[in-house]
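# Coordinate analysis (summary)
What follows is each chain in one-letter form.
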Amino acid sequence: MSDTRTNPTFSKSTGLPRKRFYRARAHSNPLSDSHFPVPLTPAHVDYSLHYPQADSSKKIKFADIGCGFGGLLISLSTLFPETLMIGMELRDKVSEYVKERILSLRVANPGQYQNISVVRTNSMKYIPNHFEKAQLSKMFFLFPDPHFKEKNHRRRVISPFLLDEYAYVLEVGGIIYTITDVEELGEWMKSCLENHPLFEPLTEKELEADPAVKLLTSATEEGQKVARNDGQTFQAVFRRIARSDQIS
């Protein structure tokens, strides 16, 4: 990592990277090809690069899809310190920021934040390249690009087709968390999940008891902006269930 004392991209007071040096377009086209390495299979993911201090037998259990500047990952890291989790981000500058932020936090807090990492990838294309069947226990989709135009709905990160892939990598009982401040998108995501045979909504009691739910509105830059503006949010939190014709 760079020497933060002489590197202007880092704050001298906190030692953390400054967002203004890592700003990028708010959204990227998820259907366009970018140049970044993609593991051939989940077995080709080198965990030692992401989690150098973790037990080599442990696998990633949480995935934050479109992780932005990493606020949710950092909050989850201390809430679930024994769980490996990764952020997936398409924008190169933003993913680089998250990487530097995590490295800085590890230096400033020895022994902490060793369970989080980030990868630059297109999650809409390469989820099966990163995760095995039933590997994940939680997937997060916080304030995704709404792609308002109907012709662009195919670019939405929650869709009937993509839910098939998410169901594949989620264990039975695993949970998908979605939130947006766009009502139409919120209805879309909820409808897609309701109509999928492998997902069921959490009850109000389960939502209240889940510590991750509380972070949906507060942990990310987008969520904080909505809260400052007294905006509304629309959540859909669903559990992966077994098919009716099989046990798991």
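You'll find the structure just up there.
This one's a predicted model, so the numbers in the text were calculated from it and none came from an experiment. (Residues numbered from 1 in each chain as written. Predicted model: local features only at pLDDT ≥ 70, side-chain atom pairs only at ≥ 80, totals over all residues. Heavy atoms only, no water.)

The secondary structure content of the protein amounts to nine helices and seven strands. By the burial criterion, 50% of the 248 residues in the protein qualify as buried. Considering only contacts in the protein between residues 6 or more positions apart, those separated by 24 or more positions represent 78%. Of the accessible surface of the protein, which amounts to about 12900 Å², a share of 51% is contributed by carbon and sulfur atoms. (Helix = DSSP H or I, 4+ residues; strand = E, 2+ residues; numbered from the N terminus. Buried < 20%, exposed > 50% of the residue type's maximum accessible area, 1.4 Å probe, protein only. Contact = heavy atoms within 4.5 Å. Areas by Shrake-Rupley, 256 points an atom, 1.4 Å probe, with all protein chains shown as cover.)

Of note, alanine 134 is a non-glycine position whose phi angle comes to about 60 degrees, a positive value. You can see alanine 134 is positioned in the loop between α4 (123-130) and β4 (136-142). Residues other than glycine seldom take positive phi values, yet phenylalanine 143 does so here, at roughly 50 degrees. Position of phenylalanine 143 among the secondary structure elements: in the loop between β4 and α5 (160-169).

Further remarks concern the sheet that holds strand β5 (residues 170-180). Spatially, the seven strands line up as an open sheet ordered β3-β2-β1-β4-β5-β7-β6, and their pairing is mixed. The open sheet has two free edges, formed respectively by β3 (116-120) and β6 (199-201), since each of these has just one partner strand. Between one strand axis and the next, the sheet turns through 20 degrees on average, direction left out of account. With five bridges connecting them, strand β1 (residues 60-65) and strand β2 (residues 84-89) associate as parallel partners. In the sheet register, alanine 63 faces β2, and the bridge partner there is isoleucine 86. The strands touched by α4 within the sheet are β1, β2, β3 and β4, with β2 carrying the most contacts at an inclination of about 150 degrees. (Pairing = 2+ DSSP bridges. Axes fitted to C-alpha atoms, helices over the stretch in contact; angles between N-to-C directions.)

What follows concerns the packing of α4 against α5. Axis separation between α4 and α5 bottoms out at 10 Å; the angle between their running directions is 25 degrees. As summarised for this structure, α4 and α5 are arranged roughly parallel, according to the angle between their axes. Of the two possible hands of crossing, α4 and α5 adopt the one that is left-handed. Contacts between α4 and α5 involve Met124, Ile127 and Pro128 on the former and, on the latter, Leu162, Glu165, Tyr166 and Val169. Classifying every residue of the contact of α4 with α5 by side-chain character gives six nonpolar, no polar and one charged. (Parallel < 35°, antiparallel > 145°, perpendicular 65-115°, else oblique. Left-handed = near helix turned anticlockwise from the far one by under 90°. Nonpolar A, V, L, I, M, F, W, Y, C, P; charged D, E, K, R; others polar.)

Turning to the nonpolar core, a few remarks are in order. Core analysis: the biggest nonpolar cluster contains 34 residues, and Phe131, Met139, Tyr166, Ile176 and Phe199 have the highest contact counts within it. Broken down by secondary-structure element, the contributors of at least two residues to this core are β1, β2, α4, β4, α5, β5, α6 (183-194) and β7 (234-240). Per element, the largest residue contribution to this core is five residues, and it comes from α5. (Core = buried A, V, L, I, M, F, W, Y, C linked by side-chain atoms within 4.5 Å.)

Let us look at the pattern of salt bridges. Enumeration according to the criterion identifies seven salt bridges in this entry. Across the pair lysine 61 and glutamate 171 runs a salt bridge whose closest N-O atoms are separated by 3.5 Å. With lysine 61 in strand β1 and glutamate 171 in strand β5, the pair connects residues that are 110 residues apart, well separated along the chain. The partly exposed category is assigned to glutamate 171, whose relative accessible area is 26%. One salt bridge connects glutamate 184 with arginine 156, and the closest N-O pair in it is separated by 2.7 Å. Taken together, the positions of glutamate 184 in helix α6 and arginine 156 in the loop between β4 and α5 put the pair 28 residues apart, joining distant regions of the chain. Because the salt bridges share partners, they merge into one network encompassing Glu200, Glu206 and Arg239. (Salt bridge = Lys/Arg side-chain N within 4 Å of Asp/Glu carboxyl O.)

This next bit is on helix α2 (residues 71-79). Each turn of an α-helix holds 3.6 residues, which means side chains three or four residues apart point in the same direction. Residues of α2 that are buried: Gly71, Leu72, Leu73, Ile74, Leu76 and Ser77. Buried-residue contacts for α2 involve β1, β2, α3 (92-108), β3, β4 and α8 (211-215).

Now for the pairing of β3. Counting buried residues along β3, four of its five residues qualify, which places the element largely inside the surrounding structure. Pairing analysis gives five bridges linking β2 to β3, with the strands arranged parallel. By the bridge assignment for β3, methionine 85 is matched with isoleucine 116. In terms of handedness, the path from β2 via α3 over to β3 forms a crossover that is right-handed. (Right-handed = clockwise from strand over helix to strand, strands pointing away.)

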